[in-house]
Amino acid sequence: MGVKGAVLEKYAAKVFKNRKEHMLEIDSGQAESRIAANSRSIPGIMTSRGCCYAGCKGVVLGPLKDALLITHGPVGCGFYSWGTRRNKARAANGGSFIQYCFSTDLQEPDIVFGGEKKLRQAIKEAIELFHPQCVLVCSTCPVGLIGDDIHAVAAESEKLYGITCVAFSCEGYKGVSQSAGHHIANNGVMRRIIGRDDTPPATKFSLNLLGEYNIGGDSWEIERILRRVGYEVVAVLTGDGSFADLSRAHNAALNLVQCHRSINYIAEMMKTRFGMDWIKVNFIGVEAACRSLRDIALYFGDPDLSRRTEEVIADELERIEPDRAHYRRKLKGRTASLYVGGSRSHHYQNLLADFGVSTVLAGYEFAHRDDYEGREVIPDIKEDADNKNIESIAVEKDEKRHRAFLAPERYAELKEKIPLDYYKGMIRDMPDGSVVIDDLNHYETEAFIELLRPDFFMSGIKDKYVIQKAGVPSKQLHSYDYGGPYAGFNGAINFARDIARSVECPAWRLVTPPWKFEAMLEGTVTE
């Protein structure tokens, strides 16, 4: 029957038919490894997904330190405006708004009579009190239902106060997950912010780091390494990012894409409009970071840059080697499960492998098929009504500012060597016998733990405590609990230290999963 069959057998026929398409047991002998993704969760099943607003505000826009972001909606939605993801930022001249929560706090009369007046007043007060570089407005579900024109209010405010004001119609019900919010945020940033400032970089070797949100300080560690090699980091989208940096991001020579799902739209649009290539990178893991640094150096093709890259890699490896060997002895032979958003379920497999840990299950909350199978499947992905609900903007070539860093012959040569404008997806790196799962739910989490018995489970806050009640250590990889950074060479050691402490903690031997000694109340999911 296999692990997949053992989990699916509890489902009624209709649910069985749906969920079996979202699971794969990896077999390299198979001609095709196809998985269903980016489709609606089954009503009534306890999914761990977030909403469109969470993806737009919480993931992409929230880390911007000098953009004042107003949540237009009830204050309950505004909770996600503050303190949920541990995006770190260094305030420039004391101006950082990450620690604040701004909400219009819509009440019942506003729902009945409209909330545009309240939004105008909120923008006015915010500008007068805080003097931000720009104001961003994110709408939540009630706003879409009552029809407030937040874009008209933003345009009116921009003209009135003379600062950039951008609205994002990211009502939570749009799309099937937070992925829709990523797309909406990408569209707005590309339309209104990127390309405003043509100030050129100071050096030839200039980069943007896309899809890095500085959780626990990850971006700072990655930037430290890049600057050590000799790169100029023009902008980070959007960890510790700023409105000014994003405005001149189009001047960099190359885009580095860390989280493919949340930011690939901007990478592709900048390629079309400005001619900027992008490389899929991964700075989570020692070997992965080394590989990414070498890929970047190969792109620029400068002998001195390549030499400095190898010197930095050698120095960083030598410095961490005693700790790396120590934690490898502690962790080698253990197994892990990963269920996170973005590309983290893929990235962290590399980091775990550095310490001898094998992955038995991995999945995404909000991925599309190309995140699993690679970008070559994009033409085969069929659009449904939920996909069409999210605007896909078309950008045109900017004749004045479009430039190609590589000659066509060099581009074709590098395309064979490095992930240039390409992401291969997670499945290709999964070992035979492991499980890939999309939109894992509460029941399946417990079932896979019982069947696979992982030594630890990397997941999110919503399912963390379910996992711990089963006696399995759980590391929260959306926000790192209180840890980090986990990126780069220093981050790898931080991660290994935290995981070693977790699995060696004697408390887990005192936790008895209820299914071991008690008769469980069971039911079935019916159509």
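Everything quoted here is computed from the prediction, not taken from an experiment.

Engineer: Outline helix α19 (residues 442-452), listing residues and values.
Structural biologist: Within α19 the residues assigned to the buried category are Glu444, Thr445, Ala447, Phe448, Ile449 and Leu452. For α19, the side-chain oxygen to backbone nitrogen distance between the N-cap and Tyr443 is 3.2 Å, and the N-cap itself is Asn441. Looking one or two residues past α19, Arg453 carries a phi angle of roughly 50°, positive in sign.

Engineer: Can you explain the packing of aromatic side chains? Please cite residues and give values.
Structural biologist: Two aromatic rings are characterised by how far apart their centres lie and by the angle between their planes. One pass over the full model with this rule turns up 15 aromatic pairs. With a centroid separation of 5.8 Å and an interplanar angle of 40°, the aromatic rings of Tyr231 and Phe300 are classed as tilted. A residue pair is termed long-range when its members are at least 10 positions apart, and Tyr231 in the loop between α10 (218-229) and β7 (232-238) and Phe300 in helix α13 (residues 286-300) qualify at 69 residues. With a relative accessible area of 4%, Tyr231 lands in the buried category. Classification of Phe300 as buried rests on a relative accessible area of 7%. Three or more aromatic residues joined by ring pairs form one cluster here, namely Phe205, Tyr231, Tyr299, Phe300 and Phe405. Note that Lys280 overlies the ring of Tyr423, its terminal NZ or CZ placed 5.0 Å from the centroid.

Engineer: Describe empty space enclosed by the protein, and please don't skip the residues or the numbers.
Structural biologist: One water molecule sets the probe size; rolling that probe over the atoms shows where empty space is left. Taken as a whole and judged by the stated rule, the model has 1 cavity of 30 Å³ or more. By volume, the largest cavity amounts to about 70 Å³.

Engineer: Outline a nonpolar patch on the surface, listing residues and values.
Structural biologist: Residues Ile111, Val112 and Phe113 make up a contiguous nonpolar surface patch of roughly 350 Å² in combined accessible area. Tracing the sequence through the fold places Phe113 in helix α5 (residues 108-113). Take Phe113: its relative accessible area is 74%, and that puts it in the exposed class.

Calculation criteria
Residues numbered from 1 in each chain as written. Predicted model: local features only at pLDDT ≥ 70, side-chain atom pairs only at ≥ 80, totals over all residues. Heavy atoms only, no water. Buried < 20%, exposed > 50% of the residue type's maximum accessible area, 1.4 Å probe, protein only. Helix = DSSP H or I, 4+ residues; strand = E, 2+ residues; numbered from the N terminus. Polar contact = N/O pair within 3.5 Å; in protein donor to acceptor, adjacent residues only side chain to side chain. Phe/Tyr/Trp six-rings, centres within 6.5 Å; stacked < 30°, edge-to-face > 60°. Lys NZ or Arg CZ within 6 Å of the ring centre and 35° of its normal. 1 Å grid on protein atoms, 1.4 Å probe; cavity = no way out; pocket = protein on both sides within 12 Å on 5 of 7 lines; lining within 4 Å. Points joined across faces, edges and corners; volume = space filled by probe spheres on them. Patch = residues over 30% accessible without salt bridge, like charges linked within 9 Å, V, L, I, M, F, W, Y side chains within 5 Å. Areas by Shrake-Rupley, 256 points an atom, 1.4 Å probe, with all protein chains shown as cover. Salt bridge = Lys/Arg side-chain N within 4 Å of Asp/Glu carboxyl O.

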